[in-house]
Amino acid sequence: MGTATGRAVLLTAVLGSGMAMLDSTVVNVALPHIGRDLDADLPVLQWTVNAYMLTLAGLILLGGALGDRYGRRRVFVIGVVWFALASLLCGIAPSAGVLVGARALQGIGGALLTPGSLALIQAVFRQQDRAAAVGAWSGLGGVATAVGPFVGGWLVDGPGWRWVFLINLPLAAVCVPVALKYVPETRDPGAGGRFDALGAALGALALGAVTYALIAAPDKGASPWVIGPAVAGVLLGIAFCRVEARRRDPMLPLHIFSNRLFSSINAVTVCVYAAFSGFFFLSVLQLQVVLGWSALQAGTALLPTTVLMLLLSARSGEIAQRIGPRWPLTIGPLLCAAGMLLMARVGHGASYWADVLPALVVLGLGMTALVAPLTATVLASVDVARAGLASGINNAAARAAGLVAVAALPLLVGMGPDAYREPAVFARAFRSAMYWCAGSLVLGSALAWFTVGAACLRARKPTGEEPSHPESTYHCGAASPPLDPGDA
């Protein structure tokens, strides 16, 4: 952590993943302005968010595999450049259709850079510094997520909503030279075989079909335009699982889920990030549509979560390594759920100091307790050689959960295509959505308590018969299956 290389790796990982995380939230605060400027209804705004998450979730496993084989730094840099060019296209998009297509291209770049950022940390840092490095990465990345609404609000009220995309260009201009000059190249020496293009296509198509059905359902009802894609999505999902089970070199080796800890921590991830995505999608709309705040006011309102994560996340990762992740992963989601229940009270005439701020402070404390231990536990549950694969699967789980949440919440709470133009209707639906999000977090807390062992993240002392390799220093109560070169 104290070396120049260590600082460069951390800076590169934070800048790259921060671009992807920032973009996943910064767009939310601009949605009302995008809707007015491009004459878009709520489904188009959902696709503006979900087109990005769709390609990101569908291809992120492939991105991790490419990094493991061809070099994590190389694929990471390609992803950053791709992301920047797609951001430029978003910034100059003349119509809603072009914007949605450019957002899908952004997701491809995100799929290349996101798993590589965390895999670089896991592969380069020594074991005794890894938890602190992951904690710092999680905290600063969480700051990028939380600060997104503030930055977006400032840009939307200033130069305009197109700059929420163009801001990625200077970040990429800093990230790429630092990575090429200072970050060492790493790869998995056992990576081989063919890439699973069929699996990637089936996974993305399954997610896309289900997402389309969920977004179209409030407007089209139980019509063939909804039932057909829904059924197709389920069938494509089944086909994806069958292909992955039969391939010698699958994109998603299903046997990795025989590791109980890895499976359970990804289930917790799904519950938690579904709630987070639903919250960040709807809360900034609530503050602007119902309370009548400007984009900057709505974005600034969310800053308490930023400050808390900036100050405390690295420390949270160290504490989790010392006491184990069970308590942080149990208490953290419950605090987040309490924050969302408090946020449900926020309606017309609400006060920032009495209503909004308490909710966001509680939410920020929960995120601080949760994010770093969650990430560290995912990586500690598998061998270091599987860092790219584990990171890819966990990121795919988080993005897929967010994708489905943004698509499904308006359907669950009765938001029609024009709901965001009607403050009273939107306020009622928002309250119900916060209850759904809180329930998802409570479920994640229960899963963590009953399935995550208290000994996870504690370093084992090597014995005379056990070499002190990084692959064997974490004890998580559930051994990973033997590493197969086909896992790449």
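Residues numbered from 1 in each chain as written. Predicted model: local features only at pLDDT ≥ 70, side-chain atom pairs only at ≥ 80, totals over all residues. Heavy atoms only, no water.

### Structural notes on helix 5 (residues 96–124)
Then, in step 1: Between its terminal C-alpha atoms helix 5 stretches 42 Å, which fits the 42 Å expected from 29 residues at 1.5 Å a residue.
Then, in step 2: The principal kink in helix 5, of about 30°, is found at G110. (Helix = DSSP H or I, 4+ residues; strand = E, 2+ residues; numbered from the N terminus. Expected span 1.5 Å × (residues − 1). Bend = angle between axes of the 7 residues up to and from the residue.)

### With respect to the side chain of N394
Then, in step 1: For N394, the position within the fold is in helix 16 (residues 387–413).
Then, in step 2: We classify N394 as buried; its relative accessible area is 11%.
Then, in step 3: In this structure the side chain of N394 is engaged in a polar contact, spanning 3.1 Å, whose partner is the side chain of N266.
Then, in step 4: Aside from chain neighbours lying at most four places away, what touches N394 is N266, T269 and V378. (Buried < 20%, exposed > 50% of the residue type's maximum accessible area, 1.4 Å probe, protein only. Polar contact = N/O pair within 3.5 Å; in protein donor to acceptor, adjacent residues only side chain to side chain. Contact = heavy atoms within 4.5 Å.)

### Regarding the pattern of salt bridges
Then, in step 1: This model, assessed by the stated rule, comprises seven salt bridges.
Then, in step 2: Across the salt bridge formed by R72 and D68, the nearest N and O atoms sit 2.9 Å from each other.
Then, in step 3: Given a relative accessible area of 5%, R72 falls into the buried group.
Then, in step 4: Residue D68 is classed as buried on the basis of its relative accessible area of 4%.
Then, in step 5: D355 is paired through a salt bridge with R345; the nearest N and O atoms lie 3.8 Å apart. Residue D355 is located in helix 15 (residues 352–380), and its partner R345 is located in the loop between helix 14 (326–343) and helix 15; the two are separated by 10 residues in the primary sequence.
Then, in step 6: Overall, D355 belongs to the buried group, its relative accessible area being 16%.
Then, in step 7: Within the structure, one salt-bridge network assembled from shared partners comprises D196, R247 and D249. (Salt bridge = Lys/Arg side-chain N within 4 Å of Asp/Glu carboxyl O.)

### A closer look at helix 15
Then, in step 1: For helix 15, with 29 residues, the first-to-last C-alpha span of 40 Å sits near the 42 Å given by 1.5 Å per residue.
Then, in step 2: Of all 29 residues making up helix 15, 23 are buried, and the element is well covered by its neighbours.
Then, in step 3: Sitting at the head of helix 15, S351 places a side-chain oxygen 3.3 Å from the backbone nitrogen of W353.

### Some thoughts on the confidence of the model for the protein
Then, in step 1: Taken as a whole, the protein shows an average pLDDT of 86; of its residues, 92% reach a score of 70 or greater.
Then, in step 2: This model gives residues 460–475 a pLDDT under 50, and the stretch forms 27 contacts once residues within four places in sequence are excluded. (pLDDT = per-residue confidence, 0-100.)

### Some points on the packing of aromatic side chains
Then, in step 1: Across all of its chains, the model carries eight aromatic pairs by this definition.
Then, in step 2: Arranged with centres 5.3 Å apart and planes meeting at 80°, the rings of Y352 and W353 form a pair that is edge-to-face.
Then, in step 3: Residue W353 is classed as exposed on the basis of its relative accessible area of 66%.
Then, in step 4: One aromatic cluster is present, built from ring pairs that chain together W293, Y352 and W353.
Then, in step 5: The lysine or arginine in question, R326, covers the ring of W449, its NZ or CZ lying 5.1 Å from the ring centre. (Phe/Tyr/Trp six-rings, centres within 6.5 Å; stacked < 30°, edge-to-face > 60°. Lys NZ or Arg CZ within 6 Å of the ring centre and 35° of its normal.)

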